[in-house]
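Coordinates in review
The chain contents come next:
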Amino acid sequence: MILDFSPGGNQPSVHLATPAKVNLFLEIRAKRPDGYHELETLMVPISLYDTLQFQMSPDSQLTLRCSHPDLGNPDENLVLRAARLLRDTVGITTGAQITLTKRIPLAAGLAGGSSDAAATLVGLNRLWNLGLSRPQLLPLAQQLGSDIAFFLGDGAAWCTGRGEVITPCPVAIPLELVLVCPSFGMSTPAVYRALRVPASPIDGTAIRAAVQQGDIDAIAQSLHNRLEEPAQTINPLLADWLERLRNTNATGVRMSGSGSTLFALCRDRTEATRVASAIASEAGSVGAISRVLLVRSCV
Ligand code: C5P
């Protein structure tokens, strides 16, 4: 997360750029009595950012402005839920005007909404001068959603529990990735409902070792996502595009999170550019893909 604070006389403001993530590995270990799933996932922040601006409000109102047409009711958005939770936790009634610029696609398995929520906790903590540490913000993030705590950290992490228990897991090399973003989103609860919990979950030791060694071939061989199969049964176009992406001979190919974004892991920028242009030209003739993006993991 990149934070910029402007004291600005009596109109202080905070600007934040907050990243998307991809899952290099995602395995489900069990369904829990509370309906969530016990999982193990390796999440990596990438160079695709939403930006948020936080300004003091003249009154106690919390408002969210966002020009994205698909964002829905701002009152139910995770940004305002995070703002209200922070305010209630510290017992203040100070207001804020929040402006969100979305670049991370919605319902895409890239955790854009979760990243925005984490940024809201960090941004308002700064704007309102609350002085809370990251460990103090952590339980709020964990309460708000499974992926949010990850974004309070600074890099790749091994995430367990329902996704909210974070252990840093640095990647030794920057990863070159091509994101293939379909024009349709996926509903995370629907994908989990279609999932069959594996009798013998795959172990994540190999991918953790591979990222720590910076061994791109070993990383590519250990890419895994248990949600890929249920997502494909809901929307077979995902299987279609995974196949097209594999046909480019990218070093590795997977879906991120509960979809719909697919990604190619590439050996270098040259391979990434080749894969991106091959997929972009197929997308142009076949349709169903809204964006093809070249990104890097954040180090
Ligand atoms: O925690 P979050 O609100 O992001 O989760 C969205 C939905 O994804 C949950 O309501 C649940 O259906 C599903 N989920 C799950 N197990 C997890 C994380 C999410 O079943 N570990």
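Computed from a predicted model, the values in this text were never measured in an experiment.

1. Re the site of the ligand
Taken together, the neighbourhood of the ligand is formed by Tyr36, His37, Leu39, Gly145, Ser146, Asp147, Arg162, Gly163, Thr188, Pro189 and Tyr192. Those elements that provide at least two residues to the shell around the ligand are strand S3 (37-56) and helix H4 (188-193). A per-element tally of the shell around the ligand places H4 first, with 3 residues. Class assignment for the residues of the shell around the ligand results in 4 nonpolar, 5 polar and 2 charged. Both of domain 1 (2-26 + 45-156) and domain 2 (176-296) provide at least three residues apiece to the shell around the ligand.

2. Notes on the nonpolar core
With 86 residues, the main nonpolar core has Leu121, Leu177, Val178, Val180, Ala264 and Leu265 as its most contacted residues. With 9 residues, the top contributor of residues to this core is S3. Of the residues that make up this core, three or more belong to each of domain 1 (2-26 + 45-156) and domain 2 (176-296). Excluding residues within four positions of it along the chain, Ala264 makes contact with Leu177, Val178, Leu245, Thr248, Ala250, Gly252, Val253 and Val275.

3. Comments concerning the domain arrangement of the chain
Once the domains are mapped, the chain shows domain 1 (2-26 + 45-156) and domain 2 (176-296). With 16 residues of domain 1 in contact, the opposing surface of domain 2 contributes 27 residues. Only strand S2 (13-31) and S3 provide two or more residues apiece to the side of domain 1 that touches domain 2. Examining the composition of the side of domain 1 that touches domain 2, we find that 5 residues originate from one element, S2, more than from any other.

4. Some remarks on the sheet that holds strand S12 (residues 289-296)
If you trace the 4 strands from one edge of the open sheet to the other, you get S10-S11-S8-S12, paired in antiparallel fashion. Looking at strand neighbours, the two that pair on one side only are strand S10 (252-255) and S12, the edges of this open sheet. With strand direction ignored, the average angle separating the axes of adjacent strands in the sheet is 20 degrees. As paired strands, strand S8 (residues 176-182) and strand S11 (residues 262-266) are joined by 5 bridges and run antiparallel to one another. By the bridge assignment for S11, Leu179 is matched with Phe263. Running over the sheet, helix H8 (residues 237-246) touches S8, S10, S11 and S12 and is turned about 165 degrees from S10. Here helix H9 (residues 269-286) sits on the sheet in contact with S8, S11 and S12, set at roughly 175 degrees to S12.

The rules we used
Residues numbered from 1 in each chain as written. Predicted model: local features only at pLDDT ≥ 70, side-chain atom pairs only at ≥ 80, totals over all residues. Near = placed C-beta within 6 Å. Helix = DSSP H or I, 4+ residues; strand = E, 2+ residues; numbered from the N terminus. Nonpolar A, V, L, I, M, F, W, Y, C, P; charged D, E, K, R; others polar. Domains from an automatic or database assignment. Core = buried A, V, L, I, M, F, W, Y, C linked by C-beta atoms within 7 Å. Buried ≥ 20, exposed ≤ 12 C-beta atoms within 10 Å, placed from the backbone. Contact = placed C-beta atoms within 7 Å. Pairing = 2+ DSSP bridges. Axes fitted to C-alpha atoms, helices over the stretch in contact; angles between N-to-C directions.

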